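# Per-entry structural report
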Amino acid sequence: MADNSKTEDTASDSVEAAKNASDKKEKLADQVMQNPQVLAALQERLDNTALTPSSYIETLPKAVKRRIDALKQLQVKCAHIEAKFYEEVHDLERKYAALYQPLFDKRREFINGEAEPTDAESEWHSENEEEEKLAGDLKNVVVIEEKAEAEETNIKGIPDFWFTIFRNVDMLSELVQEYDEPILKHLQDIKVKFSEPGQPMSFSLEFHFGPNDYFSNSVLTKTYKMKSEPDKADPFSFEGPEIVDCEGCAIDWKKGKNVTVKTIKKKQKHKGRGTVRTITKQVPNDSFFNFFSPIKVSGDGESLDEDSEFTLATDFEIGHFFRERIVPRAVLYFTGEAIEDDDNFEEGEEGEEEELEGEEEGEEEEDGESDPKV
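Residues numbered from 1 in each chain as written. Predicted model: local features only at pLDDT ≥ 70, side-chain atom pairs only at ≥ 80, totals over all residues. Heavy atoms only, no water.

## Concerning helix H8 (residues 161-168)
For clarity, the threshold we go by: Classification of residues uses two cut-offs on accessible area relative to the type maximum, computed with a 1.4 Å probe and protein chains only: under 20% is buried, over 50% is exposed, and between them is partly exposed. Here a strand is any run of E in DSSP of at least two residues, a helix any run of H or I of at least four, and the numbering for each starts at the N terminus.
Counting buried residues along H8, 6 of its 8 residues qualify, which places the element largely inside the surrounding structure. Along H8, the residues that are buried comprise Phe161, Trp162, Phe163, Thr164, Ile165 and Phe166.

What follows is the structure, given as structure tokens:
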């Protein structure tokens, strides 16, 4: 009986202790919830959670989530229709490339001195016409000897036309080394060729060179393979055709003229006899003409290292720039007008962004001044 009494007392003490602990927790909770700083922190956390799209989706009923999944199915179908749209755009590009080509052929003739433009073809009204007229009047007072000397100089076409474009465009000039320059002065034309109907989507760049002392090729080519279909693993990432691979060509360098390699001398010491010999070895050399020996994308799904991925991405960007900007608007990159337009556009974007940021800051300050708590 005594043991039973002790057990009952112990149980009663435990219940009482638990009740006291519970009361203390409730009082502490009440005190915490009455603290404005704690309440503000909790509210901020709830607000941030509510602003996260994924967290909001998780709170939706199962039936609503099911409808959202149906919308995603529709979005995938839209992506496939968009892919077909870009395929037809590629067909249109091919069609209009044929219409541009006669104009580009005439451009080549004027550049290389194969034809001379007529007075009607060379008439151009510039924005600075009055200044040019004044400059023309000043030229009339030049001495006869200088005129005769200028007439004796037989300039053919537009010298160094494409080479000047390479120098003007930062993206290209960064690739050109000093020893590339004499070769690029022989560049006579750059053409874009689109894949034929029914063939996988691609485009090729053709660099036409005149006879030179460096290689025997008259044309160097670079082909970019494209894909216009949503990725099965991530269909929502589709934003139009993308370059997925590229192929260059073999350059038939003349003896001792290959600028993509350099010869170095290296001394080797024999481990046993201790004798030293000098060997020569060819190693890769920086050059624009490495453009025609691109990194090959592995077909077995093997990933490239970070440097290779960057090099390949840069290559794709340059190929796209040749196709979209350089070839269609070559004269404007020669004169620098296209480059000035690009610079002005970029500056305008930055200026607009800064102005918007300033307005946002001003609004925040006004909100702060109107807050009655301040």
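There is more to say, and it comes next.
## Quick notes on the sheet that holds strand S4 (residues 242-247)
Hydrogen bonds between backbone groups are what pair the strands of a sheet, and the pairing can be parallel or antiparallel. Worth spelling out the cut-off: Strands are labelled as partners when DSSP assigns at least two bridges between them. The axes are straight lines fitted to the C-alpha atoms, using for helices just the contacting stretch, and the angles between their N-to-C directions are given from 0 to 180°.
Read across the sheet, 4 strands follow the order S1-S2-S3-S4 without closing on themselves; strand pairing throughout is antiparallel. The outermost strands of the open sheet, each flanked by one partner alone, are strand S1 (187-194) and S4. Pairs of neighbouring strands in the sheet enclose a mean axial angle of 20°, with direction left out of account. The sheet contact formed by S1 and strand S2 (residues 202-209) spans 7 bridges and is antiparallel.

## Some remarks on the pattern of salt bridges
Selection criterion: What counts as a salt bridge is simple: a side-chain nitrogen of Lys or Arg found within 4 Å of a carboxyl oxygen of Asp or Glu.
If you walk through the whole model with that rule in mind, you get 14 salt bridges. Here Glu93 ties to Arg323 by a salt bridge, and the two come within 2.6 Å at their closest N and O atoms. With a gap of 230 residues between them, Glu93 in helix H4 (residues 62-111) and Arg323 in helix H11 (residues 306-326) connect regions that are remote in the sequence. For Glu93, a relative accessible area of 25% puts it in the partly exposed group. Overall, the relative accessible area of 9% leaves Arg323 in the buried class. For the salt bridge of Lys222 with Asp315, the shortest nitrogen-to-oxygen distance reads 2.9 Å.

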